[in-house]
Amino acid sequence: MKSSLWSGGLSALLVAFSAGCGGGALDTDVRDVNEFLAAHGAGRASGAPARPSVALPSEERWEEDPSEAPKILAKPLHAEAAVRLSLLMNRDLRASMYELGIARGRVVQAGLLPNPEIEVSLRAPQDPFQELQADIGIEYDISRVILMPLRKGAAEAELAAERVRVAGEVLDTAYRARVAFYEVQARQGVLDLRSRALAAFQAGFAAAEELHRVGNLPDVDLATQRAAVEAARIEVAEAENTLLDARERLNLAIGLSGEKTSWTAPDPLPPPEVDTIDAAGGEKKALAASLELAEIAGRMQAAGKRVGMHRAEGRLPHLSGGFHGENDGRAWEIGGHVTVGLPIFDRAQGRVISAQSELGALRERYVATATAVRANLRMAQNRVESAGRRARHYRDALLPAREKALAETLLQYNAMQVGVFQVLETQRRLTEAGIAYTETLLEYWKARAALDQVLAGRHRALGLAPPGVGSAGMGGGAESSAGH
Amino acid sequence: MDRRDFVKIGAAIGGALVASEALAQGAPEKNAGKRARRPGPFPGGQPAVVTPNGATLKLVEKDGVKIGHLVAMPVKHTFTPGLEAECWGYNGRVHGPTIEVVEGDRVRFYVTNRLPEPTTVHWHGVILPCGMDGVAGLTQKPIEPKDTHVYEFTFSKAGTFMYHPHYDEMTQMALGMVGMIVVHPKNPRGPRVDRDFALVTHEWAIRAGARRPDPNEMKDFNVLTFNAKAYPGTEPLVVGKGERVRIRLGNLSAMDHHPIHIHGLAFETTWTDGGEIPVTARHPDTTVLVPTGSVRVIEFVPTESGDWAMHCHMTHHIMNQMGHGFPVMVGANAAAIDKRVQALVPDYMTMGQAGMGGMDDMKMPVPKNSIPMRGGKGPFSTIDMGGMFTILKVRDDPDAEDGKGWYAHPKGTVADKADSTKMKADGIDPDVTF
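No experiment lies behind these values; they were computed from the predicted model shown.

Caption draft 1: Local environment of the overall build of chain A. The helix and strand tally for chain A stands at 11 helices and four strands. When the 484 residues of chain A are sorted by exposure, 49% land in the buried category. Considering only contacts within chain A whose residues lie at least 6 apart along the sequence, 78% involve residues at least 24 apart.

Caption draft 2: Seen up close, the pairing of strand β8 (residues 159–164) of chain B. All names here are of chain B. Extensive coverage of β8 is indicated by the burial of six of its six residues. Burial of β8 is two-sided: the residues G159, F161 and Y163 facing one way and the residues T160, M162 and H164 facing the other way are all buried. Pairing between strand β6 (residues 122–124) and β8: three bridges, direction antiparallel. The residue of β8 that forms the bridge with H124 is M162.

Caption draft 3: Up close: the sheet that holds strand β3 (residues 318–327) of chain A. All names here are of chain A. Spatially, β1-β2-β3-β4 is the arrangement adopted by the four strands of the open sheet, whose pairing is antiparallel. Only two strands of the sheet have a single neighbouring strand rather than two, namely β1 (117–123) and β4 (332–341). Across the sheet, the mean angle from the axis of one strand to that of its neighbour is 20°, orientation sign disregarded. For β1 and strand β2 (residues 133–141), the ladder comprises seven bridges, and the chain directions are antiparallel. Bridge pairing links V120 to I136 in β2.

Caption draft 4: Region of the structure containing empty space enclosed by the protein. All names here are of chain B. As enumerated under the stated definition, the model contains eight cavities of 30 Å³ or more in all. Approximately 80 Å³ is the volume found for the largest cavity. Lining the largest cavity are T51, N53, G54, R93, V94, H95, G96, T98, G179, M180, V200 and N227. Across the lining of the largest cavity, the residue classes break down as three nonpolar, eight polar and one charged.

Caption draft 5: Inspection of the pattern of salt bridges at higher detail. According to the stated counting rule, one finds 52 salt bridges over all chains in the structure shown. The partner of E401(B) in a salt bridge is R395(B), and the shortest N-O contact between them spans 2.9 Å. Taken together, the shared-partner salt bridges in this structure form one network comprising E99(A), E158(A), E162(A), R165(A), E295(A), R299(A), R306(A) and E358(A).

Caption draft 6: Up close: the domain arrangement of chain B. Assigned domains of chain B: these are domain 1 (59–184) and domain 2 (323–369). With centres defined by C-alpha atoms, the gap from domain 1 of chain B to domain 2 of chain B works out at 44 Å.

Caption draft 7: Structural context of the packing of helix α10 (residues 349–414) of chain A against helix α11 (residues 420–456) of chain A. All names here are of chain A. Two elements in contact, α10 and α11, have axes separated by 7 Å at closest approach and are oriented at 160°. When the interaxial angle is binned, α10 and α11 end up roughly antiparallel. Our pair here, α10 against α11, has a crossing hand that is left-handed. In terms of residue class, the contact of α10 with α11 is made up of 26 nonpolar, nine polar and eight charged.

Caption draft 8: Representation of the confidence of the model for chain A in the model. Mean pLDDT over chain A: 83, with 82% of residues reaching 70 or higher. Across residues 42–60 of chain A, confidence stays below pLDDT 50; counting only partners more than four residues off in sequence or on other chains, it has 64 contacts.

The rules behind each value
- Residues numbered from 1 in each chain as written.
- Chains lettered and ligands numbered in written order.
- Predicted model: local features only at pLDDT ≥ 70, side-chain atom pairs only at ≥ 80, totals over all residues.
- Heavy atoms only, no water.
- Helix = DSSP H or I, 4+ residues; strand = E, 2+ residues; numbered from the N terminus.
- Buried < 20%, exposed > 50% of the residue type's maximum accessible area, 1.4 Å probe, protein only.
- Contact = heavy atoms within 4.5 Å.
- Pairing = 2+ DSSP bridges.
- Axes fitted to C-alpha atoms, helices over the stretch in contact; angles between N-to-C directions.
- 1 Å grid on protein atoms, 1.4 Å probe; cavity = no way out; pocket = protein on both sides within 12 Å on 5 of 7 lines; lining within 4 Å.
- Points joined across faces, edges and corners; volume = space filled by probe spheres on them.
- Nonpolar A, V, L, I, M, F, W, Y, C, P; charged D, E, K, R; others polar.
- Salt bridge = Lys/Arg side-chain N within 4 Å of Asp/Glu carboxyl O.
- Domains from an automatic or database assignment.
- Parallel < 35°, antiparallel > 145°, perpendicular 65-115°, else oblique.
- Left-handed = near helix turned anticlockwise from the far one by under 90°.
- pLDDT = per-residue confidence, 0-100.

See the structure below:
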């Protein structure tokens, strides 16, 4: 289901791009990429619900902002709307689409026949009795014609790899937007809860002020309450700044600026879903769907073709041929010639070595990437399971327990066993549990998005590394700060 | 001449003596001797001891030895309606039954241990063979769970004593294992009493909502009791006007002494657990300090009918489960606090800003199994005391009272709202400032 949605979106995107480029050949690329995505399944976590479509309208002009964007922005945002906006408006994604055109151009260029070369010369003999003599010749690079299919094959293989890379960019763009949106939801929730904690401290300070005013509370207790309020204010300010950062990350992921950044996202993070993780089948799906592996495979194919091409270049004597006409003033003499460059010294050994090394490097990169895909899949699965269990525990056990503790503390207050400050302290613990729940929910939804991403074919830049662990082996992704 | 002989001499002499006793107590002569004294079952006609909210141990006499059986065991005990706790006691009771014997009685007490740990019984204040003193390790082996030990000795001295374990005292006494011992004199001296009560004072740490006293507590005791009952669960002491009344007060609290105060009369301390106080050493009091680990016996003749308060004068000892974590709210403006707190905890309401009286009437929801600020119903309003508080009911006809009825005040004898006209006539300005 998801693969078709992704491929649909990608298809529309590429169609739109091709229209903008005016090349028309992108239609073929879109079709190929869609077929690739469909063939690889772009699998999903077992039991996970399908996401809404992210397809771009094909009639949009690529150089202009799509007309759909303002309509989406006029309403409160939700995760899928953010994803759709990112595919509509993200400029890096558009740049990638142009880069696909570069590769297409190389294919076209590789398939063009070489131009013939014509040589004309005039000679004025010193013998006054002789007529002006003219030579004319035409030269054609036969070697290039012979090697043209090899060059074109290599360029087409690069184009195919580039198509896969761009498809991956689409997935990455949508992933970044989704995760950034979750971050916004979480940061809004945390800010609300931090503000609630501040209100609790302020209530405690108000009580302390009143008790101090009537002589029941010493200065030290009042000062302590005041200090707690001021510390809580800083926490609220930090939460506000974190939210602003999160909003900007989403703006960046979508490609928004100016007035367009005044969107709202009122919904809190949804509760965790019940996930059934297919640990064994997941790796197979992820490897089959991996666009990174497909891209490397494509580039390996291109490199292989380049090895063959360079070997052929090295072994094939340089051939060029032509016709020659000479007019000695009385008549034309016509003949032909063939030039043969002997492959004695330069047999393209250097290019062959480079191409072979590139092929070898890609082969190793392929294996390394497959290892990284498996590791990232397992990491995502583990994180989904762990964060999901913890989030459900927060929701089903800890938060009710904290609420019960607050209710019981209130009864103890009614029984004059504890004071207003303990009541507020218990309320703050409930708030802190709410903050921890929100953070865990964020971890869960990010892990869910990461798991979907791996199964869709992308394992880079998932940001799953725990604190203090670099992103090595995970595709060198950015967003390391979003991993937990 | 012992008491029996004294009674046989005749009413005339007896009457004269009673009159003199009443004078000795400071009672108006008109009240003395109004009631016919009923001889009790003990030497000299002394009445049997009444243990309010308690019982007396059944003793069977065989071959000149009085035999009793104490079973140490867990007991579910109700301190007052609303507060029940898992305690330890004897014979299904908290506290244990009062042992009542006569000076010179030889006794044999079987003590069965149904506790999860060993125990002993120490006969506090009793002079007996060292091996019967009940101190684990020092004078005997502990009584292991399910075992029964036997103690046998002679009560050689009259007086009021107590019993309690001397194994893991902190836990076992904190959970309720104490009891009173009354040894009537074989040849009583002095005036015979008409009513004889035994009250053991005790203190407990039971957190509001908990169901077991905390033996580890050293200072924060929140349930204070007479005979293991907190007011309003305490049975009143019903006595007759002009009767001579004896109250035996024992204190087996963990940490606190109790200044026991009785309203409407003065009394003399006549005995301690060390023996009888010479008449010449006695003096009138309205409050007697009962140190922990001690007995004080007081006697008095009430001359004023009514319902009189009898309580420990430590004010926290007449509160039920008052907490110590509550800040002083007196004088605070509740509105300044409630607005902010209720935004976070809607059911919160500031309390105590005008003092804590009347809390019982607020009927705030409180933790299960707790009696904070619980008082009793009085004839005029809620009695906002609890804990170590009971009522001495002095009546013209005490035998007709069941202790539940309130005293009917003669007209004009109850303090009431002052009449402004009368105030002015008396030169009292209600709006006077200082």
